[in-house]
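Structural overview for review
These are the residues of each chain, in order.
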Amino acid sequence: MDKHYDNSKLKGYKRVKLKISKTNHLIIKAKINGIDGNFILDTGASSSCVDFNDIHHFQLTAEDSLTKAAGAGAVGMDTQMSSDNLLQLGRWKTDDFSLVIFDLSHVNLALEQYKAKRVHGIIGADILIKGKGIIDYEEECFYLK
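For every chain, the first residue of its written sequence is number 1, and the numbers climb from 1 along that sequence. Confidence filtering applies because this is a predicted model: local features only for residues at pLDDT of at least 70, side-chain atom pairs given and counted only at 80 or more, and all residues used for totals across whole chains, interfaces and linings. Note: side-chain values were computed over all heavy atoms of the structure, leaving out hydrogens and water.

Bringing the pattern of salt bridges into the picture now. Any two side chains of opposite charge can pair if their charged atoms end up close together. Definition used for salt bridges: Asp or Glu carboxyl oxygen within 4 Å of a side-chain nitrogen of Lys or Arg. Taken as a whole and judged by the stated rule, the model has two salt bridges. For Asp51, the salt bridge identified is with Arg118, shortest N-O distance 4.0 Å. With Asp51 in strand β5 (residues 49-51) and Arg118 in the loop between α1 (105-113) and β9 (121-123), this residue pair connects regions lying 67 residues apart in the sequence. Arg118 sits in the partly exposed class, given a relative accessible area of 36%. Put simply, Asp54 and Arg118 hold a salt bridge, and the shortest N to O gap is 3.1 Å. Linking Asp54 in the loop between β5 and β6 (63-71) with Arg118 in the loop between α1 and β9, this pair joins segments that are 64 residues apart in sequence. The rule is simple: take the accessible area with a 1.4 Å probe, protein chains only, and divide by the maximum for that residue type; under 20% is buried, over 50% is exposed, in between is partly exposed. Looking at Asp54, the relative accessible area reads 7%, which means it is buried. Numbering of helices and strands runs from the N terminus, with a helix taken as a DSSP run of H or I at least four residues long and a strand as a DSSP run of E at least two residues long.

Dropping the structure here:
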């Protein structure tokens, strides 16, 4: 395990790699329904989400939602929901993964301006809470239980 934590604290946790981008975003690889994608790990995002353009990519079943999304300078955005998905981060998995689907073009436009790679979505605090997440910025990884 990591040198910063004793083994007793991380017992039962799975280590997941992350990369700190040149825009200081935490970039992670994730699989939704067995399909790879690039995501921002965002402790300030209450819910994990995927861009509207990636519904088919991740084989999501989308349902309309009355909830409006807000974040990253945009408010009042229409959303859809997708439930009962499989999420895998490294060796950590959950098969009861719900996510919000909305337009992330403003996020990807900002990343593009810094010549950073586009993301498929955001992994939010919902997953960090569910997995009792511990982020280790120095080692560029996080742990989920």
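The structure having been displayed, the exposition proceeds.
We now examine the pairing of strand β3 (residues 26-32). If a strand is regular, its side chains alternate between the two faces of the sheet. Most of β3 is tucked away: five of the seven residues are buried. Direction of pairing for strand β2 (residues 19-20) relative to β3: antiparallel, over a ladder of two bridges. In the strand pairing of β3, Lys19 is matched with Ile27. Two strands make a pair as long as DSSP finds a minimum of two bridges between them. Here β2 folds back onto β3 in antiparallel fashion, the turn holding five residues, of which Asn24 has a positive phi close to 65°. As paired strands, β3 and strand β4 (residues 35-41) are joined by seven bridges and run antiparallel to one another. The residue of β4 that forms the bridge with Ile28 is Phe39.

Note that every value here comes from positions in space, so none of it alone points to a role or purpose.
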